[in-house]
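Okay, here's what each chain looks like letter by letter:
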Amino acid sequence: MMVLNSDSFSQDLFQWFDGIKRDLPWRKAGGHANPYHVWLSEIMLQQTTVKSVIPYFLNFIQRWPTIEDLGRANLDEVLHAWQGLGYYTRAKNLHKCAQMIVGEFGGRFPEDRNALLKLPGIGPYTSAAITSIAFEKPAIALDGNVMRVISRYLTLESLRPQLDQDAEAFLWQVIPQSRFGDFTQALMELGALMCRPKSPMCLHCPLMKNCKAYLNAVPEDFPKKVLKKALPQKFGHAFLLKNSNHQILIRKRAGKGILSGLYEVPTTDWDLTLPKRLLQDISLPEHLNLRGEVNHTFTHFHLNLKVWEGATRHPIRRMGRFLKNLKDYALPTLMKKVLSL
Ligand code: SF4
């Protein structure tokens with residue numbers, strides 16, 4: 001692959017980054033970055049914006065100032081504190097990872113990238129981000145933002161996963177001799193602030209003078225996209241079951257699937273057709289009123305839930321409690337939508 005002014009790439013990038021570097025709570029103030037803070041912020045920032053992450057990050061480090069504190073925390077408390085960030089598997093892996101760091105590494109993050117990759121929730125991107133930002137070692141952290149920058153800078157026609165390899169090969173050629181953490185953060189920041197998916201700010205971009213997409217093409221045409229398949233539509237029933245004290249039956253979602261371990265009102269299975277079989281483990285009242293419908297999109301499917309309401313005095317045979325103060329429980333967005341009916 002042809003390299004375009006490799007020295008100037010990082011110099012231009014740093015000159016810009018040093019001028020705009022945001023004062024984010026997980027960034028080092030003077031000394032070294034705290035690996036716990038870097039890891040926590042990187043996990044939270046997956047699929048979530050910086051602005052939304054800041055209050056969650058501050059709350060976590062106030063409640064659990066060290067990784068030992070987080071490892072000792074109860075999973076329910078962690079899920080409750082995570083509430084609203086979505087993608088709860090991240091929170092479960094976060095907790096598991098904290099326990100492993102404490103149990104197997106004496107509370108210190110391993111500096112070796114291969115060791116990091118064996119920890120729950122840490123993939124190629126996060127391990128590279130931790131290695132470079134927390135330990136100042138050379139590593140290429142390739143997220144969607146960075147991929148977009150490089151695919152435009154070089155007008156790469158390849159599709160993923162080949163595109164990942166092409167972009168990474170280029171970045172290894174232009175990586176500077178030092179400031180590895182800043183290199184990672186500057187690229188991410190450039191993708192987020194300048195080289196935006198739509199309306200990139202090329203005229204203010206430090207890479208403009210050598211960017212092939214700006215000079216010879218249309219930046220928004222890169223990266224090339226594979227047409228996405230439509231997501232399947234699933235259906236289910238949800239039940240708002242109240243007792244005479246207007247308390248609602250809540251239970252913990254069982255199994256290992258989506259939202260498992262989080263609190264919910266009872267629902268049927270979610271299927272490609274509306275399930276005829278209702279609940280096996282809970283006695284439903286004879287009269288149920290249709291309260292409304294809720295639509296929600298998960299990563300891999302759309303869900304439509306018909307929400308039924310009824311009063312019950314029947315004892316609940318298995319699982320579930322009648323509760324009023326629902327804000328103390330880790331409720332996923334889907335359940336908040338159901339309860340808001
Ligand atoms: S010049 Fe435009 S397209 Fe090229 S890297 Fe900068 S913002 Fe992206």
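Residues numbered from 1 in each chain as written. Predicted model: local features only at pLDDT ≥ 70, side-chain atom pairs only at ≥ 80, totals over all residues. Heavy atoms only, no water.

Novice: Mind laying out the overall build of the chain, listing which residues take part and the relevant values?
Specialist: Along its length, the chain carries 13 helices and six strands. Dimensions of the chain along its principal axes, counting C-alpha atoms only, are 75 × 45 × 30 Å. Looking at the chain as a whole, 48% of its 341 residues are labelled buried. Long-range pairs, those at least 24 residues apart, make up 68% of the contacts in the chain between residues at least 6 apart in sequence. Element-wise, carbon and sulfur atoms account for 53% of the exposed surface of the chain, whose accessible area totals about 17,700 Å². The averaged location of the 30 negative side-chain charges in the chain is 7 Å from the averaged location of its 44 positive side-chain charges. (Helix = DSSP H or I, 4+ residues; strand = E, 2+ residues; numbered from the N terminus. Buried < 20%, exposed > 50% of the residue type's maximum accessible area, 1.4 Å probe, protein only. Contact = heavy atoms within 4.5 Å. Areas by Shrake-Rupley, 256 points an atom, 1.4 Å probe, with all protein chains shown as cover. Lys, Arg positive; Asp, Glu negative; His and termini not counted. Charge placed at Lys NZ, Arg CZ, Asp CG, Glu CD.)

Novice: Please set out the domain arrangement of the chain residue by residue, giving values where relevant.
Specialist: Here the chain is described as being made up of domain 1 (6-221) and domain 2 (233-340). Taking only C-alpha atoms, the centre of domain 1 and the centre of domain 2 are 37 Å apart. Between domain 1 and domain 2, the residue contacts involve seven residues of the former and 14 residues of the latter. Counting each side, the surface lost to burial between domain 1 and domain 2 is near 790 Å², with a carbon and sulfur contribution of 48%. Between the two partners, domain 1 and domain 2, sit one salt bridge. Among the salt bridges present, the one from Asp76 reaches Lys252, with a minimum N-O distance of 3.2 Å. Across the contact surface, domain 1 and domain 2 share four residue pairs in polar contact (both at pLDDT 80 or more). A per-element tally of the side of domain 1 that touches domain 2 places helix 5 (residues 75-82) first, with three residues. Grouping the constituent residues of the side of domain 1 that touches domain 2 by class yields three nonpolar, two polar and two charged. (Domains from an automatic or database assignment. Buried area = accessible area lost by both parts, 1.4 Å probe. Salt bridge = Lys/Arg side-chain N within 4 Å of Asp/Glu carboxyl O. Polar contact = N/O pair within 3.5 Å; in protein donor to acceptor, adjacent residues only side chain to side chain. Nonpolar A, V, L, I, M, F, W, Y, C, P; charged D, E, K, R; others polar.)

Novice: I'd like a rundown of the packing of aromatic side chains, residues and numbers included.
Specialist: Within this structure, the stated rule accounts for 13 aromatic pairs. Taken together, a centroid distance of 5.0 Å and an interplanar angle of 65 degrees make the contact between Phe60 and Trp64 edge-to-face. For Phe60, a relative accessible area of 0% puts it in the buried group. Geometrically, the ring pair formed by Phe298 and Phe301 is tilted, given 5.1 Å between the ring centres and 40 degrees between the ring planes. The residues Phe298 and Phe301 share a single accessibility class, namely buried. Ring-pair connections join several aromatic residues into one group, and the members of that group are Phe9, Phe14, Tyr153, Phe170 and Phe183. Across from the ring centre of Phe14, 4.1 Å away, lies the NZ or CZ of Arg179, which sits over that ring. It is Lys234 that lies over the ring of Phe301; its NZ or CZ is 4.6 Å from the centre. (Phe/Tyr/Trp six-rings, centres within 6.5 Å; stacked < 30°, edge-to-face > 60°. Lys NZ or Arg CZ within 6 Å of the ring centre and 35° of its normal.)

Novice: A description of the site of the ligand should follow, citing residues and the corresponding values.
Specialist: Around the ligand lies a shell formed by Arg152, Met194, Cys195, Cys202, Cys205, Met208, Cys211, Tyr214 and Pro219. When its residues are assigned to classes, the shell around the ligand shows eight nonpolar, no polar and one charged. (Near = heavy atom within 4 Å.)

Novice: Tell me about the UniProt feature "domain: HhH-GPD" (unreviewed entry) in the chain, residues and numbers included.
Specialist: Sites flagged by UniProt as "domain: HhH-GPD" (unreviewed entry) map to residues 44-193. The span residues 44-193 is 67% helical and 0% strand by assignment, and the distance between its end C-alpha atoms comes to 19 Å. (UniProt positions renumbered as here; feature names shortened; annotations may be inferred.)

Novice: Report on the environment of Tyr56, specifying residues and quantitative values.
Specialist: With respect to the secondary-structure elements, Tyr56 resides in helix 3 (residues 50-63). In this view, Tyr56 contacts Met44, Ala81, Trp82, Gln83, Gly84 and Leu85; residues no more than four positions away in its chain are not counted. Reaching out from Tyr56, the side chain makes a polar contact with the backbone oxygen of Gln83 at a distance of 2.8 Å.

Novice: Lay out the environment of Lys225 in plain terms, naming residues and giving numbers.
Specialist: Within the element layout of this structure, Lys225 appears in the loop between helix 12 (212-216) and strand 1 (233-242). Lys225 sits 179 residues away from Gln46 along the chain, and the two C-alpha atoms are 20 Å apart.

Novice: Can you break down the pattern of salt bridges residue by residue, with the values?
Specialist: A full pass over the atoms with the stated rule returns 16 salt bridges. For Glu189, the salt bridge is made with Arg22, and the minimal N-O distance between the two is 3.0 Å. Highlighted residues: Glu189 in helix 11 (residues 180-193) and Arg22 in the loop between helix 1 (6-20) and helix 2 (35-45), separated in sequence by 167 residues. A relative accessible area of 5% means that Glu189 is categorised as buried.

Novice: Talk me through the nonpolar core; I want residue IDs and the actual numbers.
Specialist: One finds Phe9, Trp39, Phe60, Ile150, Leu171 and Phe183 to be the most contacted residues of the largest nonpolar core, which totals 98 residues. No other element matches helix 8 (residues 124-135), which puts seven residues into this core. No fewer than three residues from each of domain 1 (6-221) and domain 2 (233-340) sit in this core. Sequence-distant contacts of Ile150, that is, excluding residues within four places in its chain, are made with Phe9, Thr155, Leu156, Ala167, Phe170 and Leu171. (Core = buried A, V, L, I, M, F, W, Y, C linked by side-chain atoms within 4.5 Å.)

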